[in-house]
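Each chain, letter by letter, is given below.
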2 protein chains.
Amino acid sequence: MSISSPYYTHEFHGDYDLVSVGRLELEEGGSIPDCQLAVATWGELNAARDNAILIPTWYSGTHQIWRDVYIGPEHALNPERYFIVAVNQIGSGLSVSPHNADGPNAALSMSKFPRVRIGDDVVAQERLLRDHFGIEQLALVVGGSMGAQQTYEWAVRFPDKVLRAAPIAGTAQNTPHDFLLAETMREAVMSDPAWNGGEYATGADVAAGLKREAHIWGVVGLSTEFWKQEVWRGLEFGSKDEFIVGFLEPYFTAMDPNDLLTQSWKWQRGDVARHTGGDLAAALGRITAKTFVMPIDEDQLFPVRDCKPEQQLIKGSELRIVSDVLGHLGLFGAAPTFMPQIDRHLGDLLNTKV
Amino acid sequence: MSISSPYYTHEFHGDYDLVSVGRLELEEGGSIPDCQLAVATWGELNAARDNAILIPTWYSGTHQIWRDVYIGPEHALNPERYFIVAVNQIGSGLSVSPHNADGPNAALSMSKFPRVRIGDDVVAQERLLRDHFGIEQLALVVGGSMGAQQTYEWAVRFPDKVLRAAPIAGTAQNTPHDFLLAETMREAVMSDPAWNGGEYATGADVAAGLKREAHIWGVVGLSTEFWKQEVWRGLEFGSKDEFIVGFLEPYFTAMDPNDLLTQSWKWQRGDVARHTGGDLAAALGRITAKTFVMPIDEDQLFPVRDCKPEQQLIKGSELRIVSDVLGHLGLFGAAPTFMPQIDRHLGDLLNTKV
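These figures come from a predicted structure and were not determined experimentally.

So, on to the overall build of chain A. Of regular secondary structure, chain A possesses twelve helices and ten strands. Taking 2.2 N^0.38 as the reference for a compact globule, 354 residues should give roughly 20 Å; the C-alpha atoms of chain A span a radius of gyration of 19 Å, in line with that estimate. Expressed along its principal axes, the backbone C-alpha trace of chain A runs to roughly 55 × 50 × 40 Å. Buried residues in chain A amount to 64% of all 354 residues. Sequence-distant contacts in chain A: of pairs separated by 6 or more residues, those separated by 24 or more amount to 74%. For chain A, the accessible surface area stands at approximately 12200 Å², while carbon and sulfur atoms represent 50% of it. Distance between charge centres in chain A, computed from 29 positive and 46 negative side chains, equals 6 Å.

Okay, structure coming up:
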């Protein structure tokens, strides 16, 4: 069974291809028989195959935000120079996910979808790049939030394949605080009786729970200064409540609850130290990529204090702090000062010889 | 109707007196016919009646935590020198509250309890001190969190009656971020079907919602460093989950949902600028008390950045930042470094001639 959704469509998300990487064995056991990944690309792979950039996606986000905000000839992520590949994560709703599992994946539908880890995504992405695009090495892996988790996983798991890495607003090892924070969002959804253990007719049935999740994001995803300075005025909302009802709530109610839960379970457990028996220093010590660690100064989910100690464990890395009064959701690029910082840092990184 | 609760008792809370201040007209309209306040005192009022200290209570807290942690001959709040009066706020569960409204207040029971504001509490407290104790002036008003809100309200509303003020970990004007944060806690409770619009048989029926509230407190009430440093080990818990299940959850599930909602509605709307048509500078400019503004450095609810601008609007005030890795819940005094700071600041304040 799969649920039809107006959100997870080409009408809403524009061009992307569904590419199967075949059966994917999962770290937690079980497998996805037909692991379909939703992939969007910009630019062209050059003959030397050395201009590829990979972008893994964040929680609740897709390739769309990268296309609309981060990528373009005026940006460091310039499709006139680079072949840019955005891969939507498993559970994103575009790639194989609880709400769309059908055909060979029908046994994984809805509440039966297996637990997926960051490492599963990265294994699937590596296979996709190699088998589908013939890419053996990446000029850059860059991602925000859960995309940063995947970026770290790439740099630790496949050090020879990652020349540069830019984890933005995310950590290599999720903190206990961040685990609990994600759990409050999960509980907001799962406590909605309409969620019904993951067996609902449509995601819209769970709107009450998704709105509560949206409200938690309004508190932790944005900063006290965002609200005090009424930054929502610059986003063309007339009041705090209009911003909540007009942006935060519909952003989440459009999405599938089980898909979000698949992602957040994964987010909670991001940890590159799984490769080294729990030794974070050893895991980060494996990284050979030139790495810019890029926390957002107002971020309550992945504060600088959590990102900086990881950066210090990565040889030759730099801490590039991004200032944004929005906090974690600064990743949406709403502040006019956001992208110039991102472009400067990614530009410096891409111009670094490795 | 009133609900019997093992928590809101002398067995649990020790000595306190119920004192009626009579009918209390409310800022939002309506009245409490028989406004009973639960009052605990330590020490003796001297002949000059100039050694009185008032402590209003915080959200979910009562006089108990002040007795156990803050008050004693070894502390600045020394009952051998001062007559210390702790007044539990309306809705605290000990003073008149939704769950215990009976007799003349029976029409206010449960979901019918009226909306109460910080100003209502302060008016009731002033009447209590004057009529019951014959106190016309306070050597100090000190409170944490919602107690800080009441402290500010006292200093602005009754400037002649407050010689010294120490708002700890709280603001004079609640921020929009803090409003939304409290709202997520309210939604956690009100979304529990057992809450039933405030008409339940016992608070224990709403345990699922109260546990979700507890989990949100675990995220916003404590700091990332609390969890990362596993500070709960020092509180004699064996794991993160034991701390949540053994402390945070039972702390809230013992309480009455409607009582908590009465308090949080009040918390959300704390604002001394109601006295001056919205002009915060004018309101804080009324304060004549020697004021120490005492935010906690790791506080996510009332961060220093929100407290400092208020302090700067108070003539002759000082910003005394308290360092505590626990964040807002540092107010519980669990860190051995907490009370020495509080005692030093309150000692300095009490020793300041005014």
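Having seen it, we continue.
As a further point, take the relation of the copies chain B and chain A. By a simple turn and slide, chain B fits onto chain A: the slide is 0.0 Å along the axis, the RMSD is 0.0 Å, and the turn is 180°. Each copy turns onto its partner about a two-fold axis. Here 100% of the contact residues of chain B are again contact residues in chain A; the copies associate through an equivalent surface.

A few words on the sheet that holds strand β10 (residues 318-319) of chain B. All names here are of chain B. Pairing is mixed in the open sheet, where eight strands are placed in the order β1-β4-β6-β5-β7-β8-β9-β10. The strands lining the two open edges of the sheet, one partner per strand, are β1 (17-20) and β10. Two strands pair when backbone bridges link them, and strand β7 (residues 140-144) and strand β8 (residues 164-168) are joined in this way by four bridges, in the parallel orientation. Paired with Gly143 across the strands is Pro167, a residue of β8.

For the rest of this paragraph, the subject is the confidence of the model for chain A. When the pLDDT values of chain A are averaged, the result is 97; 100% of them are 70 or greater. In the model output, the complex is listed with pTM 0.96 alongside ipTM 0.94.

Turning our attention to the pairing of strand β8 (residues 164-168) of chain A. Residue and element names in this part refer to chain A. The element β8 is extensively covered by neighbouring structure, given that five of its five residues are classed as buried. Neither face of β8 is left uncovered, since the one carrying Arg164, Ala166 and Ile168 and the one carrying Ala165 and Pro167 both have all their residues buried. Viewed along the sheet, the connection from strand β7 (residues 140-144) through helix α4 (residues 146-157) into β8 turns out right-handed. Looking at chain direction, β8 and strand β9 (residues 290-293) are connected through two bridges and run parallel.

What follows covers the sheet that holds strand β6 (residues 83-87) of chain A. Residue and element names in this part refer to chain A. Taken in spatial order, the eight strands of this open sheet run β1-β4-β6-β5-β7-β8-β9-β10, and their pairing is mixed. Taken across any chain shown, the strands that pair with only one partner, and hence form the sheet edges, are β1 (17-20) and β10 (318-319). Against the sheet, α4 touches β5 (52-56), β7, β8 and β9, its axis set at about 150° to β7. In the packing of helix α12 (residues 338-350) onto the sheet, the strands contacted are β5, β7, β8 and β9, and the crossing angle to β8 comes to about 160°.

Residues and elements named next belong to chain A. Two numbers describe how helix α5 (residues 176-190) lies on helix α6 (residues 207-220): the axes approach to 7 Å, and their chain directions differ by 155°. Classified by the interaxial angle, the pair formed by α5 and α6 is roughly antiparallel. Where α5 approaches α6, its residues Leu181, Thr184, Met185, Ala188 and Val189 are matched on the opposing element by Gly209, Leu210, Arg212, Glu213, Ile216, Trp217 and Val220. By residue class, the composition of the contact of α5 with α6 is eight nonpolar, two polar and two charged.

Taken residue by residue, the interface counts 28 residues in chain B and 28 residues in chain A. Buried surface at the junction of chain B and chain A, both sides included, amounts to about 2600 Å², of which 64% is carbon and sulfur. Counting across the interface, chain B meets chain A through six salt bridges. Here chain B is connected to chain A by ten residue pairs in polar contact (both at pLDDT 80 or more). Only α5 (176-190), α6 (207-220), α7 (224-228), α8 (240-253) and α11 (304-311) of chain B provide two or more residues apiece to the side of chain B that touches chain A. With seven residues, α5 of chain B is the largest single contributor of residues to the side of chain B that touches chain A. For the side of chain B that touches chain A, the class distribution of residues is twelve nonpolar, eight polar and eight charged.

The subject of this paragraph is the packing of aromatic side chains. For the structure on display, the rule yields 44 aromatic pairs over all chains. One cation-aromatic arrangement involves Lys240 of chain A over Phe179 of chain B; the distance from NZ or CZ to the ring centre is 4.2 Å.

Here we come to the nonpolar core. If you look at the biggest cluster of nonpolar residues, it comprises 243 residues, and the most contacted ones within it are Tyr70 and Leu77 of chain A together with Tyr70 and Leu77 of chain B. At seven residues, α5 of chain B tops the list of elements feeding residues into this core. In contact with Tyr70 of chain B, other than residues within four places in its own chain, are Trp58, Ile65, His75, Leu77, Leu331, Phe338, Met339 and Ile342 of chain B.

Further remarks concern the pattern of salt bridges. Scanning the model with the defined rule gives 38 salt bridges over all chains in all. Among the ionic pairs, Lys266 of chain A bridges to Asp121 of chain A, the shortest N-O distance being 2.5 Å. In this pair, Lys266 of chain A is assigned in helix α9 (residues 257-268) and Asp121 of chain A in helix α3 (residues 118-133), connecting sequence segments 145 residues apart. Classification of Lys266 of chain A as buried rests on a relative accessible area of 1%. With a shortest N-O distance of 2.7 Å, Arg233 of chain B and Glu230 of chain B are connected by a salt bridge.

Residues and elements named next belong to chain A. Along the polypeptide, His75 turns up in the loop between α2 (63-70) and β6. Looking at His75, its side chain comes within polar contact range of the main-chain oxygen of Val69, at 3.2 Å. A distance of 2.7 Å separates the side chain of His75 from the side chain of Asp343, its partner in a polar contact.

This brings us to helix α11 (residues 304-311) of chain A. Each α-helix winds once per 3.6 residues, and so residues spaced three or four apart point in a common direction. Among all positions of α11 of chain A, only Val304, Asp306, Cys307, Glu310 and Gln311 of chain A are buried. Along the axis of α11 of chain A, the buried residues cluster in a sector spanning 160°; they form a single face. Against α4, α10 (280-285), β9 and β10 of chain A together with α7 of chain B lie the buried residues of α11 of chain A.

Moving on to the side chain of Gln150 of chain A. Residues and elements named next belong to chain A. Relative to the helices and strands, Gln150 resides in helix α4. Looking at Gln150, its side chain comes within polar contact range of the main-chain oxygen of Thr57, at 3.0 Å. At 2.8 Å, the side chain of Gln150 forms a polar contact with the side chain of Gln125.

All names here are of chain B. A rise of 1.5 Å per residue sets the reference length of α5, with its 15 residues, at 21 Å; its end C-alpha atoms lie 20 Å apart and thus fit the reference within 8%. Along α5, twelve of the 15 residues are buried, which leaves the element largely enclosed by surrounding structure. Turning to α5, its buried residues number three or more, namely His177, Asp178, Phe179, Leu180, Leu181, Ala182, Thr184, Met185, Arg186, Glu187, Ala188 and Val189.

The next subject is the environment of Arg157 of chain B. Residues and elements named next belong to chain B. Mapped onto the elements of the fold, Arg157 is located in helix α4 (residues 146-157). A relative accessible area of 25% places Arg157 in the partly exposed class. Spatially, the C-alpha atoms of Arg157 and Val272 are 8.2 Å apart, while their sequence positions differ by 115 residues.

Residues and elements named next belong to chain A. Taking burial as the measure, the five residues of β6 include five buried ones, the bulk of the element. Side chains Phe83, Val85 and Val87 of β6 all project onto a buried face; the interleaved residues Ile84 and Ala86 project onto the opposite face, where all are buried too. Pairing geometry for strand β4 (residues 36-42) and β6, over four bridges, is antiparallel. Directly across from Val39, in β6, lies its bridge partner Val87. Here β5 pairs with β6 via five bridges, running parallel. Counted as the bridge partner of Ile55 is Ala86 from β6. Handedness of the crossover is the feature at issue here: the chain leaves β5, passes through α2, returns alongside β6, and the resulting connection is right-handed.

What counts, and where the lines are drawn
- Residues numbered from 1 in each chain as written.
- Chains lettered and ligands numbered in written order.
- Predicted model: local features only at pLDDT ≥ 70, side-chain atom pairs only at ≥ 80, totals over all residues.
- Heavy atoms only, no water.
- Helix = DSSP H or I, 4+ residues; strand = E, 2+ residues; numbered from the N terminus.
- Rg over C-alpha atoms; globule rule 2.2 N^0.38 Å.
- Buried < 20%, exposed > 50% of the residue type's maximum accessible area, 1.4 Å probe, protein only.
- Contact = heavy atoms within 4.5 Å.
- Areas by Shrake-Rupley, 256 points an atom, 1.4 Å probe, with all protein chains shown as cover.
- Lys, Arg positive; Asp, Glu negative; His and termini not counted.
- Charge placed at Lys NZ, Arg CZ, Asp CG, Glu CD.
- Least-squares fit on C-alpha atoms with pLDDT ≥ 70 in both.
- Pairing = 2+ DSSP bridges.
- pLDDT = per-residue confidence, 0-100.
- Right-handed = clockwise from strand over helix to strand, strands pointing away.
- Axes fitted to C-alpha atoms, helices over the stretch in contact; angles between N-to-C directions.
- Parallel < 35°, antiparallel > 145°, perpendicular 65-115°, else oblique.
- Nonpolar A, V, L, I, M, F, W, Y, C, P; charged D, E, K, R; others polar.
- Buried area = accessible area lost by both parts, 1.4 Å probe.
- Salt bridge = Lys/Arg side-chain N within 4 Å of Asp/Glu carboxyl O.
- Polar contact = N/O pair within 3.5 Å; in protein donor to acceptor, adjacent residues only side chain to side chain.
- Phe/Tyr/Trp six-rings, centres within 6.5 Å; stacked < 30°, edge-to-face > 60°.
- Lys NZ or Arg CZ within 6 Å of the ring centre and 35° of its normal.
- Core = buried A, V, L, I, M, F, W, Y, C linked by side-chain atoms within 4.5 Å.
- Arc of directions from axis to C-beta.
- Expected span 1.5 Å × (residues − 1).

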